[in-house]
Amino acid sequence: MRRRRRRPRLWRVAILVLAAIFFLGPLASAIRFSLEQSNGRDGLGNYTQLLHDAALSSSLATSLEIAALTTAIMLSLMLPTVVWVRLRLPRLALVVESISVLPIVIPPIVMAAGLATLQSHASAGLSDLVFSSPLTALTPVYVILAMPFAYRSLDVGVRAIDLRTLVDAARSLGAGWPTVLARVILPNVRTAVLTAASLTVALVLAEVVIAETLLYTTYPVSLVNAGQAQLGVAVALSVLSLAITWMLLLAISFIGNRGASRARIGRLL
Amino acid sequence: MGGVAVLERSLPGDPAARRRRGIPRGAWLGIAPFALYVLVFLGGPLYEVVYGAFTTTGGSLTWHNFSQTFSQPQYRSAFEQSLKISVVTSVLGGFFGVWLACAVVTAGPRSPLRRIVSSGAGVLAYFAGVPLAFAFIATLGRYGEATILLRHIGIDLNASGFDISSLTGVELAYTYFQVPLMVLLITPALEGLRPEWREAATGLGASTVGYIRHVAAPVLAPAILGGLLLLFGNAFAAYATSYALVGIYVNLVPGWIQQLISGNVLVDENGVGLALGVEMIVVIAVVMVAYALLQRRATRWLA
């Protein structure tokens, strides 16, 4: 490999330039497009529209609430499970992991179809309890959608620490399970937790199919709606969404313990 | 579950001994919340889909919904389009993805290029959806930047019949997220190629082509094939981008499901939509099982 340094360089540069054009082209166009204001002059008008548009900002608030709740439920459900499986049920590790990957087999639109059927058959009591607000209707499903990402990243984190010794030490000093999880394990796997949480937030802010089918106006749904009337604003918000998600993932790749975190993002599926 | 039990179980014995003793009864309780959650919130909707697909609105067992999806030309055509778009975008995405991954992998694992490409690939592969659709409209839409640029040099995209809000546009946008997904999937396998193999092959007189043909390609083949399968499943299940680009009247299976479920057709054909959903799950399940089998082959050399 080392002897042939000079020749690979050429094709490497070629493919990287080609990729840059294909991938950065649309992004650069979107940025350029988003700066064109309706009055003909260039500026940030499309970006500040988010603050003035009640429909957009209230849907963003809804989505952020869902994201926070989804992350909280996901972590309190998945972290104990991952720890328990590694500690007590190592034989079931493969089974539990396979179950957590199941949502990948079910396309979002099919999940949406099932939920819509459930919604139309629901009794009045269940309807009021669950389907009356996007927060209670969408959060449980989004936890399911986040499972494949969350399980993988938490599992990588838990496997990297000496779980048994930590737990035994804490238990023999008299710690109960909640204390062990919150004060011993959690601080040791915070990178993995942060990764799982970021991926969950990114997922909630991107999911449009289920929310749209169930007729809830979350942020991505109102983004699509904005595209009908004010394309410039929709493009500006798209640029923002992509930039923020990318910053999130880039940050993860830096805070992680060196090489491991890159693999973590890479091996999610 | 006392502390003593934990200590006893954690004595440094060999794991095989622990395995022989089987799973203690109480240990199952630990994954009960997870199992229950999956059963209710994944099993619930899934049950509704399967039940609704196999029954009439009155609740009696029927095959009618499935026979509709096979006999009606619009559903057959949607299935053909969905399969076609999945094959085309996964082959294109797979080809350029492997190529790009090779270029990126030769840079060191901690180089800024690697970090930018892998985090960027993560964004585009998993979370692009709606923003991606708008980026393409801003580029190649009626008033898109590239459309205007091309008009200046004498190429009129609109007059030539190109429309970003069409299946061609969807295909282009899907390829855009398939390439980064392939990069993410294939990078670990490329990293597993040992430099010693290359040196050994060269030492025995192999050319670069010979090395690729006899060593690298056979070792990578299961991983590449597995990646292509995942790409296929990914495109087949995807809907967000095409929804934002074209809307629900797109001739793809997900579009028809949404039309049927939302009651946008004259007859009440909820069951047909659910039958289409079951068929989608079957296609993707087959793909995933094939992937799992291939993955076992792939890790033989590249553990």
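Cut-offs used in this document
- Residues numbered from 1 in each chain as written.
- Chains lettered and ligands numbered in written order.
- Predicted model: local features only at pLDDT ≥ 70, side-chain atom pairs only at ≥ 80, totals over all residues.
- Helix = DSSP H or I, 4+ residues; strand = E, 2+ residues; numbered from the N terminus.
- Buried ≥ 20, exposed ≤ 12 C-beta atoms within 10 Å, placed from the backbone.
- Contact = placed C-beta atoms within 7 Å.
- Nonpolar A, V, L, I, M, F, W, Y, C, P; charged D, E, K, R; others polar.
- Core = buried A, V, L, I, M, F, W, Y, C linked by C-beta atoms within 7 Å.
- Domains from an automatic or database assignment.
- Axes fitted to C-alpha atoms, helices over the stretch in contact; angles between N-to-C directions.
- Parallel < 35°, antiparallel > 145°, perpendicular 65-115°, else oblique.
- Left-handed = near helix turned anticlockwise from the far one by under 90°.
- pLDDT = per-residue confidence, 0-100.

Novice: Explanation requested: the overall build of chain B in the structure shown.
Specialist: The helix and strand tally for chain B stands at 15 helices and 0 strands. In chain B, which comprises 303 residues, the proportion classed as buried is 42%. For chain B, long-range pairs separated by at least 24 residues make up 77% of all intrachain contacts whose partners lie at least 6 apart in sequence.

Novice: Help me understand the overall build of chain A, please; the structure alone is not making it clear to me.
Specialist: If you tally the helices and strands in chain A, you get 14 helices and 0 strands. Sequence-ordered secondary structure for chain A, helices as α and strands as β, is α-α-α-α-α-α-α-α-α-α-α-α-α-α. Taking the principal axes of the C-alpha coordinates as reference, chain A spans close to 75 × 70 × 30 Å. Expressed as a percentage of the 269 residues in chain A, the buried residues total 46%. Pairs at least 24 apart in sequence give 76% of the contacts found in chain A among residues at least 6 apart.

Novice: Just to check I follow, could you spell out the interface of chain A and chain B for this structure?
Specialist: The accessible area lost on association of the parts is a frequent measure of interface size. Between chain A and chain B, the residue contacts involve 74 residues of the former and 73 residues of the latter. When residues of the side of chain A that touches chain B are assigned to their parent elements, the largest contribution, 12 residues, is made by helix H1 (residues 6-35) of chain A. In the side of chain A that touches chain B, the residues fall into 50 nonpolar, 14 polar and 10 charged.

Novice: Help me understand unusual backbone geometry in this model?
Specialist: With the exception of glycine, the majority of residues adopt a negative phi angle, and the majority of peptide bonds are in the trans configuration. Despite not being glycine, Leu215 of chain A has its phi angle at roughly 65 degrees, a positive value. Tracing the backbone shows Leu215 of chain A in the loop between helix H11 (209-213) and helix H12 (219-229).

Novice: Would you mind showing me how to read the nonpolar core here?
Specialist: Nonpolar side chains tend toward joint burial in soluble globular proteins. Grouped together as the largest cluster of nonpolar side chains are 161 residues, with contacts concentrated most on Ala146, Ala150 and Leu203 of chain A together with Phe134 of chain B. Of all the elements, helix H7 (residues 134-160) of chain A adds the most residues to this core, at 14 residues. Each of two domains, domain 1 (28-62) and domain 2 (74-301) of chain B, supplies a minimum of three residues to this core. With residues up to four places along the chain from it excluded, the contact list for Ala150 of chain A reads Met74, Met78, Ala196, Leu199 and Thr200 of chain A.

Novice: How should the domain arrangement of chain B be read in this particular structure?
Specialist: Residues and elements named next belong to chain B. Its domain assignment divides chain B into domain 1 (28-62) and domain 2 (74-301). In this structure, domain 1 and domain 2 have C-alpha centres spaced 30 Å apart. Tallying the contact residues gives 5 residues for domain 1 and 7 residues for domain 2. Taken together, the residues of the side of domain 1 that touches domain 2 break down into 3 nonpolar, 2 polar and no charged.

Novice: Please clarify how the packing of helix H8 (residues 163-172) of chain A against helix H9 (residues 177-188) of chain A should be interpreted in this entry.
Specialist: Residue and element names in this part refer to chain A. For the pair H8 and H9, the least separation of the axes is 11 Å and the interaxial angle reads 150 degrees. The orientation of H8 with respect to H9, classified from their angle, is roughly antiparallel. The chirality of how H8 crosses H9 is right-handed. Residues Leu166, Val167, Ala170 and Arg171 of H8 form the contact with H9, whose participating residues are Val180, Val184, Ile185 and Asn188.

Novice: Would you take a moment to explain the environment of Thr56 of chain B for this structure?
Specialist: All names here are of chain B. Among the secondary structure elements, Thr56 is positioned in the loop between helix H4 (43-54) and helix H5 (64-71). Residue classification places Thr56 among the exposed residues on the basis of 12 C-beta atoms within 10 Å. Expressed as a C-alpha distance, the spacing of Thr56 and Glu269, which sit 213 residues apart in the sequence, is 9.9 Å.

Novice: Just to check I follow, could you spell out the confidence of the model for chain B for this structure?
Specialist: Interpreting fine coordinate detail is not advised for predicted regions of low pLDDT. All names here are of chain B. Residue-level pLDDT values for chain B average 84, and 88% of them are 70 or greater. Within chain B, the element-level pLDDT minimum falls on helix H1 (residues 3-9), averaging 32, and the maximum on helix H3 (residues 32-41), averaging 94. Interface confidence in the predicted complex, given as ipTM, is 0.86; pTM for the same model is 0.86.

Novice: Any chance you could explain the packing of helix H3 (residues 54-88) of chain A against helix H10 (residues 190-206) of chain A here in plain terms?
Specialist: Think of two packed helices as two axes; the pair is described by the angle between the axes and how far apart they sit. Residues and elements named next belong to chain A. Between H3 and H10, the shortest axis-to-axis distance is 9 Å and the interhelical angle comes to 140 degrees. Note on packing geometry: the crossing formed by H3 with H10 is right-handed. Listed contacts from H10 to Ser63, Ile66, Ala67, Thr70, Thr71, Met74 and Leu75 of H3 are Val193, Ala196, Ala197, Thr200, Val201, Val204 and Leu205. For the contact of H3 with H10, the per-class residue count stands at 10 nonpolar, 4 polar and no charged.

Novice: Which parts of the structure should I look at to understand the environment of Ala285 of chain B?
Specialist: Mapped onto the secondary structure, Ala285 of chain B falls in helix H15 (residues 270-301). With 14 C-beta atoms counted inside 10 Å, the residue Ala285 of chain B sits in the partly exposed group.

Novice: How should the confidence of the model for chain A be read in this particular structure?
Specialist: Residues and elements named next belong to chain A. On average, residues of chain A score 86 in pLDDT, and 92% of them reach the 70 mark or higher. Averaged pLDDT values for the elements of chain A fall to 43 in helix H14 (residues 259-266) and rise to 94 in H11. Note on residues 1-6: pLDDT is under 50 here. Beyond four places in sequence and across chains, it has 2 contacts. Across residues 257-269 the pLDDT falls below 50, and counting only partners more than four positions away or on other chains, this stretch makes 35 contacts in the model.

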